[in-house]
Amino acid sequence: MTNLIACRPGCYDLPLEEAMKELGQLGVEGVECPAPKDNDYEGVAGMAEKAGVKVSTLALSGVCLEDPEHVARLERGIDGAARIGTPLIFLSSKVKQGRPEDGIPVLKRMGDKAVEKGVVLSLETHPPYGANGDQARKTIEAIGSRGVGYNFDTANIYYYNEPGIDTVEELRKALDLVTSVHLKESARGEPRTMDFPVLGAGIVDFPRVFALLGER
């Protein structure tokens, strides 16, 4: 199986089109772009093509599953991704008033729509649906749709959980559910600490992470 390595243009302090050009010149093949607020997915894809890269993933964050406007935005994201041939959407979702389980029917409906469109929603390593392996498994099994998987973030495991948690063990718990991975380093594995250094300068055991992913 061939894995695509993509990068977020937001890593650069540049306008989107310029950042894409920088990545293309580095030989990066894929980019992970935020879903355009103006719904101009074709425009984003055109910028990527001009830069010599492909929109491999889209990102939708802060989607409140109780808010019809947010859910409609997610639906537009699924449609837009399908139109430009982007197979994956990184999704960070939440509920504000109710219980996390109240959002499961919405996620199932969106997952089923994603299946129809040939898209997968990859739940971020964020609470309340995927902060760790156990939580991700509980969520995805409750949803029960082939259109929803898990985006495993190697550093968010430390950020959103109590000290003592281990990235490799959490990955093992949800390995069969993983549809994408965010490679990110954690300096010391401390919760709620925005200290994400370059890969290899922290505590994430990337060789074991890669070895485990290779078993899938």
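If you're wondering where the values come from, they're calculated on a predicted model, not measured in any experiment. (Residues numbered from 1 in each chain as written. Predicted model: local features only at pLDDT ≥ 70, side-chain atom pairs only at ≥ 80, totals over all residues. Heavy atoms only, no water.)

Trainee: Before we move on, can you summarise the side chain of serine 56 with the specific residues and values?
Mentor: Relative to the elements of secondary structure, serine 56 occurs in strand β3 (residues 54-64). The contacts of serine 56, once residues within four sequence positions are left out, are Leu4, Ala6, Gly30, Val31, Thr86, Pro87 and Leu88. (Helix = DSSP H or I, 4+ residues; strand = E, 2+ residues; numbered from the N terminus. Contact = heavy atoms within 4.5 Å.)

Trainee: So what's going on with the sheet that holds strand β4 (residues 88-94)? Which residues, and what values?
Mentor: An order of β1-β2-β3-β4-β5-β6-β7 is seen for the seven strands of this open sheet, with the pairing classed as parallel. A single partner strand is all that each edge strand has here, and the edge strands are β1 (6-7) and β7 (178-182). In this structure, strand β2 (residues 30-34) lies alongside β3, joined through five bridges in parallel fashion. The partner of cysteine 33 across the bridge, within β3, is leucine 58. Along the sheet face, helix α2 (residues 41-51) touches β2 and β3 and points at about 140° away from the line of β3. Most of the contacts of helix α5 (residues 133-143) go to strand β6 (residues 148-153), to which it runs at about 165°, and overall it touches β5 (120-123) and β6. (Pairing = 2+ DSSP bridges. Axes fitted to C-alpha atoms, helices over the stretch in contact; angles between N-to-C directions.)

Trainee: Outline unusual backbone geometry, listing residues and values.
Mentor: In this model, proline 127 is joined to proline 128 through a cis peptide bond whose omega is 5°. Along the chain, the position of proline 128 falls in the loop between β5 and α5. Phi at asparagine 39 takes a positive value of approximately 65°, unusual for a residue other than glycine. Summarising the element assignment, asparagine 39 is placed in the loop between β2 and α2. With a phi angle near 55°, arginine 192 is a residue other than glycine that sits in the positive phi range. Structurally, arginine 192 is set in the loop between β7 and α8 (206-213). In this structure arginine 192 comes out as exposed when scored by relative accessible area, which is 52%. (Buried < 20%, exposed > 50% of the residue type's maximum accessible area, 1.4 Å probe, protein only.)

Trainee: So what's going on with the nonpolar core? Which residues, and what values?
Mentor: By size, the foremost hydrophobic cluster in this structure holds 53 residues, and its most contacted members are Leu121 and Tyr150. No other element matches helix α4 (residues 104-117), which puts five residues into this core. Leave out the neighbours within four places in its chain, and leucine 121 touches Leu74, Ile78, Ile89, Leu91, Met110, Gly111, Ala114, Gly147, Val148 and Gly149. (Core = buried A, V, L, I, M, F, W, Y, C linked by side-chain atoms within 4.5 Å.)

Trainee: I'd like to hear about the environment of serine 93, residue by residue, with values.
Mentor: By the element assignment, serine 93 lies in strand β4. Among all residues touching serine 93, those that are not within four sequence positions of it are Val63, Leu65, Leu107, Pro127, Pro128 and Tyr129.

Trainee: Hey, could you go over the packing of helix α1 (residues 16-26) against α2 for me, with residue numbers and the actual values?
Mentor: Interaxial distance between α1 and α2 falls to 8 Å at its minimum, and their mutual angle equals 35°. With respect to the hand of their crossing, α1 and α2 are arranged in right-handed fashion. Contacts from Leu16, Glu17, Met20, Lys21 and Gly24 of α1 reach α2 at Val44, Met47, Ala48, Lys50 and Ala51. When the residues that make up the contact of α1 with α2 are grouped by side-chain class, the tally is six nonpolar, one polar and three charged. (Left-handed = near helix turned anticlockwise from the far one by under 90°. Nonpolar A, V, L, I, M, F, W, Y, C, P; charged D, E, K, R; others polar.)

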